[in-house]
Amino acid sequence: MNNEGVVYGQIKEILTSARAKAYSAVNFAMVEAYWLIGKQIVEAQAGNERAEYGTQLLKYLSQQLTQDFGKGFDESNLRLIRQFYLAFEIRDTLRHELSWSHYRKIMKIQNNSAREFYIDECIKSNWSTRQLERQINTHFYERLLSSQNKEAVAAEIQKTAAPLQPRDFIKNPVVLEFLDLKPSPELYEKDLETAIITHLQSFLLEMGRGFSLVARQKRISFDGRDFYIDLVFYHYILKCFVLIDFKIDDLTHQDLGQMQMYVNYYTREMMNDGDNPPIGIVLCADKSEAIVRYTLAEDNKQIFASKYMLYLPTEQELKNEIYAVVNK
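In this text the structure is predicted, and so the values were computed from the model without any measurement.

Observations regarding the pairing of strand β3 (residues 240-247)
Part 1 of the argument: A large share of β3 lies buried, amounting to eight of its eight residues.
Part 2 of the argument: Because side chains alternate across β3, one face comprises the buried residues Cys240, Val242, Ile244 and Phe246, and the other comprises Phe241, Leu243, Asp245 and Lys247, equally buried.
Part 3 of the argument: Here strand β2 (residues 225-235) pairs with β3 via five bridges, running antiparallel. Counted as the bridge partner of His235 is Cys240 from β3.

See below:
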């Protein structure tokens, strides 16, 4: 490597390190803010013995905070913030290496020893929230305790844990809202997927068959978890929402189950009087008809239902549009 390349490598390392520190500082500022908010809520509720006061307080705070600071302060999130304070009542125990997304996962662990273990391992191994969730879901702590070969279990975890990248921080839209920035799909979508979604969005709008764009990368939240629907339209002819999710890989039963969850959410929470049930469309590179047949109910009429094909683009039309982007 020539001298210029060495200098560039050193400068790149400096900037990468500085960027990671900046993201970490923003995340921890948000963690501290949520801890203080949780403390205020707990202390206010403790001063009033009426149970309904707690609910009224959260409802009031949610309305005011949403009005002044935007999304992220619905009642369920305020309950989560309250729970966060109760789980970590000593402020000095908060770790600046962990983001709010990390703490949301850790809070679900009831065993205090396990909780401390995951906090230490998360920091030591520089786990992203997805890596942390995987270790919790696969019971890393319990397997390590019961294993006769602890080194082998630990080595297995390290093998599957990719190093944390600075962009992992910015994937959390809560950070963007905390900074009063507008979330942008380009910040947390792969280039190919973003291009296809953009192209598909334009394609559907240009078709003129009743589509009206409602949202892109629509975030829905419940139980402290965030989910994203790639595209949400409202179809004025069918009088229903049309939800579209794109998968680069082959279709799995989990993909269909996730879309079913989105459809159920819109059915129960977003439908207005006069609306028909929402439609869900999962676009993928390939699919097994058997997976579709055995995952969805026999009377399914919402996950890309054929009865709506008169107004929706055909499966071949959608594939052609996807291939047009991939083969550019």
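Observations concerning a nonpolar patch on the surface
Part 1 of the argument: On the surface, Val7, Ile11 and Leu15 cluster together into a nonpolar patch covering about 260 Å² of accessible area.
Part 2 of the argument: Here Ile11 is to be found in helix α1 (residues 3-46).

Looking at the pattern of salt bridges
Part 1 of the argument: For the structure shown, the criterion picks out nine salt bridges.
Part 2 of the argument: A salt bridge links Glu75 to Arg79, with the shortest nitrogen-to-oxygen separation between them at 3.6 Å. Here Glu75 and its partner Arg79 are both found in helix α3 (residues 75-87), four residues apart, which amounts to about one turn of the helix.
Part 3 of the argument: The partner of Arg219 in a salt bridge is Asp226, and the shortest N-O contact between them spans 3.4 Å. Each member of the pair Arg219 and Asp226 is classed as buried.
Part 4 of the argument: Through salt bridges with shared partners, one network takes in Arg95, Glu97 and Asp120.

Regarding the packing of aromatic side chains
Part 1 of the argument: All chains considered together, the criterion is met by 17 aromatic pairs.
Part 2 of the argument: Considering the side-chain rings of Phe241 and Tyr266, the 5.0 Å spacing of their centres and the 70 degrees angle between planes classify their relative orientation as edge-to-face. Here Tyr266 lies in helix α12 (residues 253-270) and Phe241 lies in strand β3, a separation of 25 residues in the sequence.
Part 3 of the argument: Here Phe241 falls in the buried class, since its relative accessible area comes to 10%.

About the thresholds
- Residues numbered from 1 in each chain as written.
- Predicted model: local features only at pLDDT ≥ 70, side-chain atom pairs only at ≥ 80, totals over all residues.
- Heavy atoms only, no water.
- Buried < 20%, exposed > 50% of the residue type's maximum accessible area, 1.4 Å probe, protein only.
- Helix = DSSP H or I, 4+ residues; strand = E, 2+ residues; numbered from the N terminus.
- Pairing = 2+ DSSP bridges.
- Patch = residues over 30% accessible without salt bridge, like charges linked within 9 Å, V, L, I, M, F, W, Y side chains within 5 Å.
- Areas by Shrake-Rupley, 256 points an atom, 1.4 Å probe, with all protein chains shown as cover.
- Salt bridge = Lys/Arg side-chain N within 4 Å of Asp/Glu carboxyl O.
- Phe/Tyr/Trp six-rings, centres within 6.5 Å; stacked < 30°, edge-to-face > 60°.

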